[in-house]
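Descriptive structure summary
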Amino acid sequence: LFRSYRFMKKIIIFLLTLLPLSTFAQDVWERPQDTKQEVKKPKQNEFNQDDAKYLAGTVPEIDGKVVFTLDLNLPGRSAQDIYERVYTLLDRMAKEENQFKGSGITLINKRDHIIAAHYKEWLIFTNNFISLDRTELSYTIIAKCADNHLHLTLSRISYSYEKNRNTGFDTTAEKWITDAVALNKRKTRLSKGSAKFRRKTIDRKDEIFSAITNALK
């Protein structure tokens with residue numbers, strides 16, 4: 001009898017293990033709470049500090065045209081002295097490795113000390129063992145030299161990108177790197193497509209203006 005009782009007890013326990021939890025009283029059985037806390041992603045700062053120098057106002061326009069201007073006050077310098085120094089630098093710039101044939105000084109006015117130069121060069125975005133990403137960059141420089149002063153502009157900027165590929169295109173600074181085109185509505189970020197063009201164009205302008213300034217001061 002005792003053995004029979006023990007056998008029945010085992011059968012009952014086994015059957016209980018087969019029953020779903022829903023058959024038990026709801027006030028006794030419940031699912032365990034998830035102890036994992038939701039990880040909140042930090043809000044991304046819409047403003048990229050690295051792009052501060054490329055945001056609103058860094059691509060100036062005059063009458064709808066992109067024009068970068070360098071005005072230098074040069075006390076004690078004659079118009080002829082300034083003219084000669086700028087001429088030498090602009091002529092040397094045309095012989096740099098990244099320049100295309102035909103780049104250089106195109107017109108001069110010795111009487112009024114004016115120099116006009118046109119350049120076509122490679123503007124390089126990235127250059128490494130994986131890829132070379134670059135565009136043809138064209139622009140015009142006009143230097144007006146006077147006693148104690150230089151007024152120089154860099155304008156008529158255009159690009160020819162990957163012209164031998166289906167993804168290639170030709171465009172101008174006015175259509176591609178102005179504030180209205182190259183920035184988001186809040187003027188806090190560069191637009192993805194034209195960002196590299198805007199950055200590298202400003203960098204190149206800074207490089208040229210710095211070289212001219214250093215040559216005259």
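Whatever comes next refers back to the structure up there.
Scoring rules and cut-offs
Residues numbered from 1 in each chain as written. Predicted model: local features only at pLDDT ≥ 70, side-chain atom pairs only at ≥ 80, totals over all residues. Heavy atoms only, no water. Phe/Tyr/Trp six-rings, centres within 6.5 Å; stacked < 30°, edge-to-face > 60°. Helix = DSSP H or I, 4+ residues; strand = E, 2+ residues; numbered from the N terminus. Buried < 20%, exposed > 50% of the residue type's maximum accessible area, 1.4 Å probe, protein only. Lys NZ or Arg CZ within 6 Å of the ring centre and 35° of its normal. Core = buried A, V, L, I, M, F, W, Y, C linked by side-chain atoms within 4.5 Å. Contact = heavy atoms within 4.5 Å. Pairing = 2+ DSSP bridges.

1. Some details on the packing of aromatic side chains
Across all of its chains, the model carries 11 aromatic pairs by this definition. Summarising the aromatic geometry, the rings of Tyr159 and Phe197 are spaced 5.3 Å apart at their centres and angled 80° between planes, so their arrangement reads as edge-to-face. Here Phe197 lies in helix α5 (residues 195-216) and Tyr159 lies in strand β6 (residues 149-161), a separation of 38 residues in the sequence. Take Tyr159 and Phe197: they sit in the same class, and that class is buried. Here a set of aromatic residues connected by ring pairs shows up, and it is made of Phe125, Tyr159, Tyr161, Phe169, Trp176 and Phe197. Its guanidinium or amino end placed over the ring of Phe100, Lys120 lies 5.0 Å from that ring's centre, counting from NZ or CZ. The ring of Trp122 carries the charged tip of Arg134 above its face, separated from the ring centre by 3.6 Å.

2. Some words on the nonpolar core
The tendency in soluble globular proteins is for nonpolar side chains to be buried as a group. Val86, Tyr139, Ile141, Leu150, Leu152 and Ile157 are the most contacted members of the largest nonpolar core, which has 42 residues in total. With seven residues, the single largest contributor to this core is α5. With residues near it in sequence (within four places) discarded, Ile141 still touches Leu90, Met93, Ile115, Ala116, Ala117, Tyr119, Leu152, Thr153, Leu154 and Ile208.

3. Here we look at the pairing of strand β4 (residues 114-127)
In this sheet, β4 lies alongside strand β3 (residues 104-109) in antiparallel orientation, the contact comprising five bridges. When the bridges of β4 are listed, Ile108 appears paired with Ile115. A loop of four residues connects β3 with β4, the two strands running antiparallel in sequence, and His113 in this loop sits at a positive phi of about 60°. Relative to strand β5 (residues 132-146), β4 is paired through 13 bridges, and the arrangement is antiparallel.

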